[in-house]
Amino acid sequence: MQTVEPGTFRFARPLKEAFTFRVRLRTDQGFTALGAETIVRGEPDLPPVVEAVEPRRDTQVLKDETVYLEARASDDFGVRSVMLKYTISGRETHVPVLYKTDPKLPPEAEVTTGEKLDLAKLKVKDGDVIAYAFIAWDNRQPELQAARSRVFFITTANTLQGIPLPLQDRMEIIRLS
């Protein structure tokens, strides 16, 4: 045990298994006091969990629409950040940060956040495929832990022609007559 400042002490011990301790204090005059027995148990720091909330599946949209992508992330010791990683037909990858913990505040255990993709501003063309996933980071030290959601696809087409059959099987296709 080391004295940090008068009246404040620090005790460090590697936590490999649960242990019990008591604090015994003694004054300069010889008076003593014995504290209650305290049990210390460690809990593993699990990686975060992240999932797409909206849309929850592959989808098809028009090339000039705005699409809202939403995610929910949670972590046992708090979510540090959430990012959206997407690419448009493999041309370029975008990774905007959707949420970042304010270092002055305790981290949130669960976060819901999202991003609007304006497909016209992104210069999306008919037939383009946007692949996206969400990535969440926790607060583990010294190394952060990350988790990724499932990868989803947004196709921009007015017809199914040119969309590979395996992708069509995963899509929600709405037929208008």
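Parameters at a glance
- Residues numbered from 1 in each chain as written.
- Predicted model: local features only at pLDDT ≥ 70, side-chain atom pairs only at ≥ 80, totals over all residues.
- Heavy atoms only, no water.
- Phe/Tyr/Trp six-rings, centres within 6.5 Å; stacked < 30°, edge-to-face > 60°.
- Buried < 20%, exposed > 50% of the residue type's maximum accessible area, 1.4 Å probe, protein only.
- Salt bridge = Lys/Arg side-chain N within 4 Å of Asp/Glu carboxyl O.
- Helix = DSSP H or I, 4+ residues; strand = E, 2+ residues; numbered from the N terminus.
- Core = buried A, V, L, I, M, F, W, Y, C linked by side-chain atoms within 4.5 Å.
- Contact = heavy atoms within 4.5 Å.
- Polar contact = N/O pair within 3.5 Å; in protein donor to acceptor, adjacent residues only side chain to side chain.
- Patch = residues over 30% accessible without salt bridge, like charges linked within 9 Å, V, L, I, M, F, W, Y side chains within 5 Å.
- Areas by Shrake-Rupley, 256 points an atom, 1.4 Å probe, with all protein chains shown as cover.
- Pairing = 2+ DSSP bridges.
- Axes fitted to C-alpha atoms, helices over the stretch in contact; angles between N-to-C directions.

1. Section: the packing of aromatic side chains
Logical step 1: Taken as a whole and judged by the stated rule, the model has three aromatic pairs.
Logical step 2: The interplanar angle of 40° and the centroid separation of 6.2 Å between the aromatic rings of Phe 19 and Phe 21 together place this pair among those described as tilted.
Logical step 3: Its relative accessible area of 11% is what places Phe 19 among the buried residues.
Logical step 4: An aromatic cluster of three or more residues is present, and its members are Tyr 132, Phe 134 and Phe 152.

2. Some words on the pattern of salt bridges
Logical step 1: What the rule picks out here adds up to four salt bridges.
Logical step 2: Measuring nitrogen to oxygen at the nearest pair gives 3.9 Å for the salt bridge that ties Glu 51 to Arg 56.
Logical step 3: Judged by relative accessible area, which is 32%, Glu 51 ranks as partly exposed.
Logical step 4: A salt bridge links Glu 110 to Arg 72; its shortest N-O distance comes to 3.9 Å. In this pair, Glu 110 is assigned in strand β13 (residues 110–118) and Arg 72 in strand β9 (residues 66–74), connecting sequence segments 38 residues apart.
Logical step 5: For Arg 72, a relative accessible area of 29% translates into the label partly exposed.
Logical step 6: Salt bridges linked by common partners bring Glu 51, Arg 56, Arg 72 and Glu 110 together as one network.

3. Topic: the nonpolar core
Logical step 1: In this structure, Leu 69, Leu 84, Tyr 132 and Phe 134 are the most contacted members of the largest nonpolar core, which totals 25 residues.
Logical step 2: With five residues, the top contributor of residues to this core is strand β10 (residues 79–88).
Logical step 3: Every residue in contact with Phe 134, bar those within four places of it in the chain, is listed here: Val 50, Ala 52, Leu 69, Glu 70, Ala 71, Met 83, Leu 84, Leu 98, Ala 147, Arg 148 and Ser 149.

4. Considerations on the side chain of Thr 113
Logical step 1: Assignment of secondary structure puts Thr 113 in strand β13.
Logical step 2: Within the structure, the side chain of Thr 113 is placed 3.2 Å from the backbone oxygen of Leu 98, a separation counted as a polar contact.
Logical step 3: Look past the residues within four positions of Thr 113 in its chain and what remains in contact with it is Tyr 68, Leu 69, Glu 70, Ala 71, Val 82, Leu 98 and Tyr 99.

5. Remarks on a nonpolar patch on the surface
Logical step 1: A cluster of nonpolar residues, Met 1, Phe 9 and Phe 11, forms a patch on the protein surface that exposes about 400 Å² of accessible area.
Logical step 2: Within the secondary structure, Phe 11 is located in the loop between β2 (8–10) and β3 (19–21).
Logical step 3: For Phe 11, a relative accessible area of 51% corresponds to the exposed category.

6. Description of the sheet that holds β9
Logical step 1: Taken together, the three strands give an open sheet; going across it, the order is β7-β9-β13, and neighbouring strands pair in antiparallel fashion. Because the sheet does not close on itself, it has two edges, and the strands there are β7 (49–54) and β13. Sheet twist, expressed as the mean angle between neighbouring strand axes with direction ignored, is 25°.
Logical step 2: Across nine bridges, the pairing between β9 and β13 is antiparallel. Of the residues in β13, the one forming a bridge with Ala 71 is Thr 113.

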